[in-house]
Amino acid sequence: TTEFGDSVLLWVGALTTASLALWILYRLLSGFRIWVMGNGDLLSPKLGKWAVVTGATDGIGKSYAEELARRGFSMMLISRTQEKLDDVAQSLERRYKVETKTVAVDFGQVDIYPKIETALSGLEIGVLVNNVGISYPYPEFFLHIPDLDNFINTMINVNITSVCQFKPLFPHFRAKGVILNISSASGMYPVPLLTVYSSTKAFVDFFSRGLQAEYKSKGIIIQSVLPFFVATKMTKIRKPTLDKPTPDRYVAAELTTVGLQDQTNGYFPHAVMGWLTTVLVPINLVIYFGMRMNKAQRGGYLRRRKLR
Ligand SMILES: NC(=O)c1ccc[n+]([C@@H]2O[C@H](COP(=O)([O-])OP(=O)(O)OC[C@H]3O[C@@H](n4cnc5c(N)ncnc54)[C@H](OP(=O)(O)O)[C@@H]3O)[C@@H](O)[C@H]2O)c1
């Protein structure tokens, strides 16, 4: 019986080691496929002449507009401020010799979609980037958020409704189409003191992954994109670092993952952070440290405001 026990233990050990080795090999190969080989020229105007980007006049959205124009797409830019839209559109036309159109709307409102639909009518669309999004001015306890009802409504309209209202686009897709929904790493777990933001981003992630399963067989790619910090106006990060890249750097990396990952952190250092915070660190610790970090930020913000 001891011999039998020993050989069972041996087999269990051998199988565990073999499956662990296979798993590591699989992760290495798929990592190589995504982060080194990329998806080639999947994102080209062969998908359809036009690319649509919301929130296209700053930060990550502006970088998507630039990169897609560089790849030869005609650009439909949808954002809030007409002068900023004109600036970006002119710069894209000059630098990349592409056609552009703009629509100025406030995604905080829900009556804007017929205007967008009219602007899109007759266009053959290959790519849509649902990028527009807003966060908190500073981390805050839910009940202390100034003008709370209005805050919740606006955040839901900008972050969630804008993503759900893409349905008029489907008839514009030729055979294939790509939709990138910009969620956030804050949608991967609850982030205290940014609770409403984090929850809207969790919605975007679930919505995208559910729809991808529904429409994959129709040739439509729907990707959930979950960045950690990117140096933009929203995060007020002025000095980019390896883990807080410029939006240009982030977007260049993200676009190589389209078609290879339904859900992505989009940029290798962010993928490592995503893996650490979901697989390695228990969720309670992630929430605890999120609370500590945001409490410190909130304190700093409120002190600076008092000093002014
Ligand atoms: N930056 C990050 O670290 C980070 C991390 C994770 C996820 N994200 C997500 O990435 C997306 C882009 O973020 P970002 O940092 O690039 O933001 P950003 O620099 O603040 O730029 C936001 C863009 O959206 C437009 N916009 C804002 N509110 C609008 C409204 N109500 N109606 C129409 N347009 C509006 C802005 O136009 P105006 O200039 O005219 O206001 C601007 O073009 C967001 O969905 C955000 O949640 C960002």
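No experiment lies behind these values; they were computed from the predicted model shown.

Student: Let's hear about the overall build of the protein chain: which residues, and what values?
Tutor: When helices and strands are counted, the protein chain shows 9 helices and 7 strands. On the principal axes, the C-alpha backbone points of the protein chain span a range of 80 × 55 × 35 Å. Going through the 308 residues of the protein chain one by one, you find that 34% of them count as buried. Pairs at least 24 residues apart make up 71% of the contacts formed inside the protein chain by residues separated by at least 6 positions.

Student: Account for the UniProt feature "transmembrane region" (unreviewed entry) in the protein chain, naming residues and giving values.
Tutor: In this structure's numbering, the residues bearing the UniProt feature "transmembrane region" (unreviewed entry) are residues 7-26 and 267-289. Taken end to end, residues 7-26 comprises 100% helix and 0% strand; its first and last C-alpha atoms sit 28 Å apart. The annotated region residues 267-289 carries 87% helix and 0% strand content, and the separation between its end C-alpha atoms amounts to 23 Å.

Student: Can you explain the site of the ligand? Please cite residues and give values.
Tutor: Around the ligand, a shell composed of 30 residues is seen, among which Gly55, Gly59, Gly133, Thr232 and Met234 lie nearest. Here the shell around the ligand is built from residues that sort into 12 nonpolar, 13 polar and 5 charged.

Student: Tell me about the packing of helix H2 (residues 59-70) against helix H7 (residues 247-255), residues and numbers included.
Tutor: At a minimum axis distance of 8 Å, the contact between H2 and H7 shows a crossing angle of 60°. The orientation of H2 relative to H7 falls into the category oblique. As H2 runs across H7, the sense of the crossing is right-handed. Contacts from Gly59, Ile60, Lys62, Ser63, Tyr64 and Glu67 in H2 reach Pro247, Asp248, Tyr250, Val251, Ala252 and Leu255 in H7. By residue class, the composition of the contact of H2 with H7 is 7 nonpolar, 2 polar and 3 charged.

Student: Explain unusual backbone geometry to me, using residue names and the numbers behind them.
Tutor: Notably, Lys97 is not glycine yet its phi reads approximately 55°, a positive angle. With respect to the helices and strands, the residue Lys97 is situated in the loop between helix H3 (82-96) and strand S3 (100-104).

Student: Requested: an account of the sheet that holds strand S5 (residues 177-182), with residues and values cited.
Tutor: Strand order across the open sheet formed by 7 strands is S3-S2-S1-S4-S5-S6-S7, with parallel pairing between neighbours. Because the sheet does not close on itself, it has two edges, and the strands there are S3 and strand S7 (263-264). Bridge count between strand S4 (residues 125-130) and S5: 4 bridges; the pairing is parallel. Counted as the bridge partner of Val129 is Leu180 from S5.

Student: Could you give an account of the domain arrangement of the protein chain, with specific residues and numbers?
Tutor: With domains assigned, the protein chain is organised as domain 1 (1-37) and domain 2 (43-307). For domain 1 and domain 2, the distance between their C-alpha centroids amounts to 38 Å.

Student: Just give me the short version of the packing of H2 against H3, but keep the residues and values in it.
Tutor: Across the interface, H2 lies against H3 with an axial gap of 10 Å and an inter-helix angle of 25°. The angle between the axes of H2 and H3 places the two elements in the roughly parallel class. Seen along the crossing, H2 lies across H3 with a hand that is right-handed. Mapping the contact onto sequence places Lys62, Ala65, Glu66, Ala69 and Arg70 in H2 and Val88, Leu92 and Tyr96 in H3. Partitioned by chemical class, the residues of the contact of H2 with H3 number 5 nonpolar, no polar and 3 charged.

Student: Can you explain the nonpolar core? Please cite residues and give values.
Tutor: Counting residues in hydrophobic clusters, the biggest one holds 48 residues, and the most contacted among them are Val53, Ala65, Met75, Leu77 and Val127. Ranked by residue count, the leading element in this core is H2, at 5 residues. Excluding anything up to four places from it in sequence, Met75 contacts Ala51, Val53, Ala65, Leu68, Ala69, Leu92, Val98 and Thr100.

Student: Can you lay out the pairing of S5 for me, pointing to particular residues and giving the numbers?
Tutor: Taking burial as the measure, the 6 residues of S5 include 6 buried ones, the bulk of the element. Neither face of S5 is exposed, since Gly177, Ile179 and Asn181 on one face and Val178, Leu180 and Ile182 on the opposite face are all buried. Regarding topology, helix H6 (residues 195-215) serves as the crossover connection from S5 to the parallel strand S6 (residues 220-225), and that connection is right-handed.

Student: Break down the pairing of strand S2 (residues 74-79) for me, with residues and values.
Tutor: Across the 6 residues that make up S2, a large majority, 6, are buried. The two faces of S2 match: Ser74, Met76 and Ile78 on one face and Met75, Leu77 and Ser79 on the other face are all buried. Both strand S1 (residues 50-54) and S2 contribute to a ladder of 5 bridges, which runs parallel. Pairing of Val52 across the sheet is with Met76, part of S2. Since S1 and S2 lie parallel, the crossover through H2 that links them has a hand, and here it is right-handed.

Calculation criteria
All residue numbers here refer to positions counted from 1 along the written sequence of the relevant chain. Selection of residues for local features in this predicted model requires a pLDDT of at least 70, selection of side-chain atom pairs for listing and counting requires 80 or more, and totals for whole chains, interfaces and linings are taken over all residues. Numbered from the N terminus, helices here are DSSP runs of H or I no shorter than four residues, and strands are runs of E no shorter than two. Three exposure classes are used. Buried residues have 20 or more other C-beta atoms within 10 Å of their own C-beta, exposed residues have 12 or fewer, and partly exposed residues fall in between, all C-beta atoms being placed from the backbone. Note that contacts rest on C-beta atoms placed from the backbone: two residues are in contact if these are within 7 Å. UniProt positions are given in the numbering used here, feature names are shortened, and annotations may be inferred rather than shown by experiment. Only the C-beta atom matters for this test: placed from the backbone, it must lie within 6 Å of a molecule or strand for the residue to be near it. Put simply, Ala, Val, Leu, Ile, Met, Phe, Trp, Tyr, Cys and Pro go in the nonpolar bin, Asp, Glu, Lys and Arg in the charged bin, and everything else, Gly too, in the polar bin. A fitted line through C-alpha atoms serves as each axis, taken over the contacting stretch for helices, and the angle formed by two N-to-C directions is quoted from 0 to 180°. Angle categories: roughly parallel below 35 degrees, roughly antiparallel above 145, roughly perpendicular from 65 to 115, and oblique for all the rest. Left-handed describes a crossing whose near helix is turned anticlockwise from the far helix by less than a right angle; the clockwise case is right-handed. When DSSP finds at least two bridges between two strands, those strands are taken to pair. Those domain boundaries reflect an automatic or database domain assignment. Definition of nonpolar core: a set of buried Ala, Val, Leu, Ile, Met, Phe, Trp, Tyr and Cys residues joined via C-beta atoms within 7 Å. Looking down the strands as they point away from the viewer, one classifies a crossover as right-handed if the path from the first strand across the helix to the second runs clockwise.

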